[in-house]
Amino acid sequence: MTHLIDIKGVRHAYDTASGPLPVLDGLELSVDEGGFCAVVGPSGCGKSTLTRLVAGLMRPDHGEVWLHGQQVKSPRATVGMAFQNPVLLEWRTILKNVMLPLEIVPGGLRGKAAEERARYLLALVGLDGFEEKRPSELSGGMRQRASLCRALVHKPDVLILDEPFGALDAFTREDLWQTMHEVKAQEPFTAILITHDLREAIFLGDQVVVLSGRPARTQHVMTIARQTAPSLDDLYTPEAAERLNILRHEIEIAQGRAPQTAPEATA
Amino acid sequence: MTGTLRKIAVPALAMLIFLALWEALVWINGWPNYKMASPSDLWPAYVRYWELFLVMGWQTLWRTVLGLLLAIVVGVGIGMVMGFSRTMRDALYPLLVGFNAIPKATVVPIVALMFVGAHDFNTVLIAFMISFFPIAVSVSIGLSTLEPEYRDILRALGASQATIFWKIALPKTLPEFFGALKVAVTLAFIGTNLMEIVSPHGRGLGALFDSGKTNSDYPLMFAVLIALAALGILLYYIVVALERVFAGWAERQPG
Ligand SMILES: Nc1ncnc2c1ncn2[C@@H]1O[C@H](COP(=O)(O)OP(=O)(O)OP(=O)(O)O)[C@@H](O)[C@H]1O
Ligand SMILES: [Mg+2]
């Protein structure tokens, strides 16, 4: 069976002044086409390193990263990235910021078509009317929405999100979760989302992967069947509470704060 | 409309008050014009020597600008090398700082002796030497402090280093670059004048100043100082105008 994203036995270490620092060790991860994989793990365990490997910005010391049945060896124009820092360019308008990837990727839309595509996405995330504004004129949540549009504008197969909502307040964050579901209904993509918010992980992910402490390996995988677009109320059901409980426990194990036994409840 | 009027009227008024105070100071103290010339002494000097002022002013101007352009090319080049490579930064930084620390007044006679008679070349060289340092430093700092995410959003799409430089690194460094250019333009001007004053048979406003000195024409010396100030203001505001055009986005929005 092939997946859109396949990470097999990945091991990686950084060279540091005090010798090699093993960051990933025995990482396994598969995401089906259209899947949404949320990745949680202790701080500094190697989550951002994982995103850089999937994006082809780095190559692992050992193991393989496959996208669409091709081994990732260098960056490819079929990914879109968004980070905690929205990194919008102040000398461009919001519209021009969103259009940036189209100027880079081979065969990207040009001219009027490019502009229409960007306007369509901005409207989709609720930013119509802000096309000609500068990034500094927008709130943090709006900037993150614009950053999301930029990540999607060239119709990437894979969306890589590294704690994109991490710096936002709770209400803005919940708004953006719902926006994510709305966008996904219109613009199909396969996503890897790094997050430290367990509620975010179960609300957005159809798969939640818990990584162990550094060096990170896949410690636990939770699958969440999802038929319809969820509402925030779903986070307050008994099933959701149980899932959060399991994940919380897994994180404690990953942090080395709990013995390695599963809680009584099962998903 | 009232805004532009204000922008011109306020500094013009300030300048008039400054001239009036200066005139009053000289008049009250009863200073002879070899001690301190007053603004009313300068006017006759300009009227008498206006042709010289135009010719010499132009000499000073073009050599300053040429030296500055050279400083921009070399400074940006060095800044790029130091900004992109840590090793080069570690290697070049102490050298640059040492070079910059040498008082240029000591270099001027050396250069004047090294290339005797090459007056234009010497002047441009000194203007360049004195002004490239802030440009190199600002460009290298601007490039080396670029957050990795900025690079990554383009690199993840397969963009080349050159594309990343043109689309992100260069524009992001422009505000720092113009900040440095404002310092550099004044420095280049100082460099040009140092050489013009020291070099024998020199040209430019510095040489005019020197001839005022040898002929004990004190109003002429003061008139040169004011002409230099005017040229300095002109060059500075040209840089400010360029900054508005190319890095105006970096200006803080009021409120
Ligand atoms: N380029 C690098 N060189 C050396 N060490 C690095 C480098 N990048 C990251 N590290 C180290 O590797 C470890 C994992 O980094 P990474 O950024 O992948 O973690 P993370 O899980 O994303 O952390 P966080 O939860 O803080 O976002 C950290 O200890 C970090 O200090
Ligand atoms: Mg991280």
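Looking at an unreviewed UniProt entry, chain B carries the name NitT/TauT family transport system permease protein, with the source organism given as Poseidonocella sedimentorum. UniProt, in the comment section headed Sequence similarities (unreviewed entry), describes chain B in these words: "Belongs to the binding-protein-dependent transport system permease family."

Identification of chain A as NitT/TauT family transport system ATP-binding protein from Poseidonocella sedimentorum is taken from an unreviewed UniProt entry. A UniProt comment under Sequence similarities (unreviewed entry) is attached to chain A, and it reads "Belongs to the ABC transporter superfamily."

Student: Mind showing me how you'd approach the side chain of Arg89 of chain B here?
Tutor: Here Arg89 of chain B lies in helix H3 (residues 86-101). For the buried Arg89 of chain B, no salt bridge is present, and the opposite-charge side chain at shortest range is Asp90 of chain B, 5.3 Å distant.

Student: So what exactly am I meant to see when it comes to the domain arrangement of chain B here?
Tutor: Often the size quoted for an interface is simply the accessible area lost on bringing the parts together. Domain boundaries in chain B define domain 1 (1-30) and domain 2 (40-250). Just the C-alpha atoms count here: the centres of domain 1 of chain B and domain 2 of chain B sit 29 Å apart.

Student: What is the right way to look at the site of ligand 1 in this model?
Tutor: Residue and element names in this part refer to chain A. In the vicinity of ligand 1 lie 13 residues, with Gly46, Lys47, Ser48, Thr49 and Arg214 positioned nearest. Ser48 places a polar side-chain atom, nitrogen or oxygen, 2.7 Å from an oxygen atom of ligand 1. Thr49 is positioned such that a nitrogen or oxygen atom in its side chain is 2.5 Å from an oxygen atom of ligand 1. In isolation ligand 1 offers 640 Å² of accessible surface; the protein chains occlude 61% of this area.

Student: It is not clear to me how helix H2 (residues 94-104) of chain A should be interpreted in this structure. Could you clarify?
Tutor: Most of H2 of chain A sits out of view: nine of its eleven residues are buried. Of all the positions in H2 of chain A, only Ile94, Leu95, Asn97, Val98, Met99, Leu100, Pro101, Leu102 and Ile104 of chain A are classed as buried. Looking at the buried positions of H2 of chain A, the neighbouring elements they touch are helix H3 (111-124) and helix H4 (140-152) of chain A together with helix H6 (148-155) and helix H7 (161-198) of chain B.

Student: Any chance you could explain the side chain of Glu131 of chain A here in plain terms?
Tutor: Secondary-structure assignment places Glu131 of chain A in the loop between H3 and H4. We classify Glu131 of chain A as buried; its relative accessible area is 11%.

Student: Is there a simple way to think about the interface of chain B and chain A in this case?
Tutor: Across the boundary between the two partners, chain B contributes 16 residues, which contact 24 residues of chain A. Together, the buried faces of chain B and chain A total about 1,900 Å²; carbon and sulfur atoms form 72% of this surface. Three residues, Ile153, Leu157 and Trp249 of chain B, lead the burial of chain B against chain A; their summed loss comes to 34% of the area buried on that side. A salt bridge links Lys167 of chain B to Glu103 of chain A; the nearest nitrogen and oxygen atoms lie 2.7 Å apart. Those elements that place two or more of their residues in the side of chain B that touches chain A are H6 and H7 of chain B. Broken down by element, the side of chain B that touches chain A gets its largest block of residues, six residues, from H6 of chain B.

Student: Help me out: how do you make sense of the UniProt feature "transmembrane region" (unreviewed entry) in chain B in this one?
Tutor: The feature "transmembrane region" (unreviewed entry), as annotated in UniProt, sits at residues 12-31, 61-84, 91-118, 124-146, 177-198 and 218-242 of chain B in this numbering. Here residues 91-118 of chain B runs as 79% helix and 0% strand, with 33 Å between its end C-alpha atoms.

Student: Even after reading the chapter, I still don't get the nonpolar core, so can you show me in this structure?
Tutor: Note that soluble globular proteins tend to have their nonpolar side chains buried in a common cluster. Ile7, Leu29 and Val39 of chain A together with Phe53 and Leu205 of chain B are the most contacted members of the largest nonpolar core, which totals 101 residues. Sorting elements by how many residues they give to this core places H7 of chain B first, with 13 residues. Beyond its immediate stretch of four places on either side in the chain, Leu205 of chain B contacts Phe53, Met56, Gly57, Thr60, Asn193, Glu196, Val224, Ala227, Leu228 and Leu231 of chain B. Core analysis: the second largest hydrophobic core is formed by 50 residues, Phe36, Ala38, Leu102 and Ile202 of chain A among them.

Student: What is the right way to read the UniProt feature "domain: ABC transmembrane type-1" (unreviewed entry) in chain B from this model?
Tutor: When the UniProt feature table is mapped onto this chain, "domain: ABC transmembrane type-1" (unreviewed entry) is found at residues 57-239 of chain B. Its end C-alpha atoms 19 Å apart, residues 57-239 of chain B is made of 87% helix and 0% strand.

Thresholds, definitions, all that
Residues numbered from 1 in each chain as written. Chains lettered and ligands numbered in written order. Predicted model: local features only at pLDDT ≥ 70, side-chain atom pairs only at ≥ 80, totals over all residues. Heavy atoms only, no water. UniProt positions renumbered as here; feature names shortened; annotations may be inferred. Helix = DSSP H or I, 4+ residues; strand = E, 2+ residues; numbered from the N terminus. Buried < 20%, exposed > 50% of the residue type's maximum accessible area, 1.4 Å probe, protein only. Lys, Arg positive; Asp, Glu negative; His and termini not counted. Salt bridge = Lys/Arg side-chain N within 4 Å of Asp/Glu carboxyl O. Domains from an automatic or database assignment. Near = heavy atom within 4 Å. Polar contact = N/O pair within 3.5 Å; in protein donor to acceptor, adjacent residues only side chain to side chain. Areas by Shrake-Rupley, 256 points an atom, 1.4 Å probe, with all protein chains shown as cover. Contact = heavy atoms within 4.5 Å. Buried area = accessible area lost by both parts, 1.4 Å probe. Core = buried A, V, L, I, M, F, W, Y, C linked by side-chain atoms within 4.5 Å.

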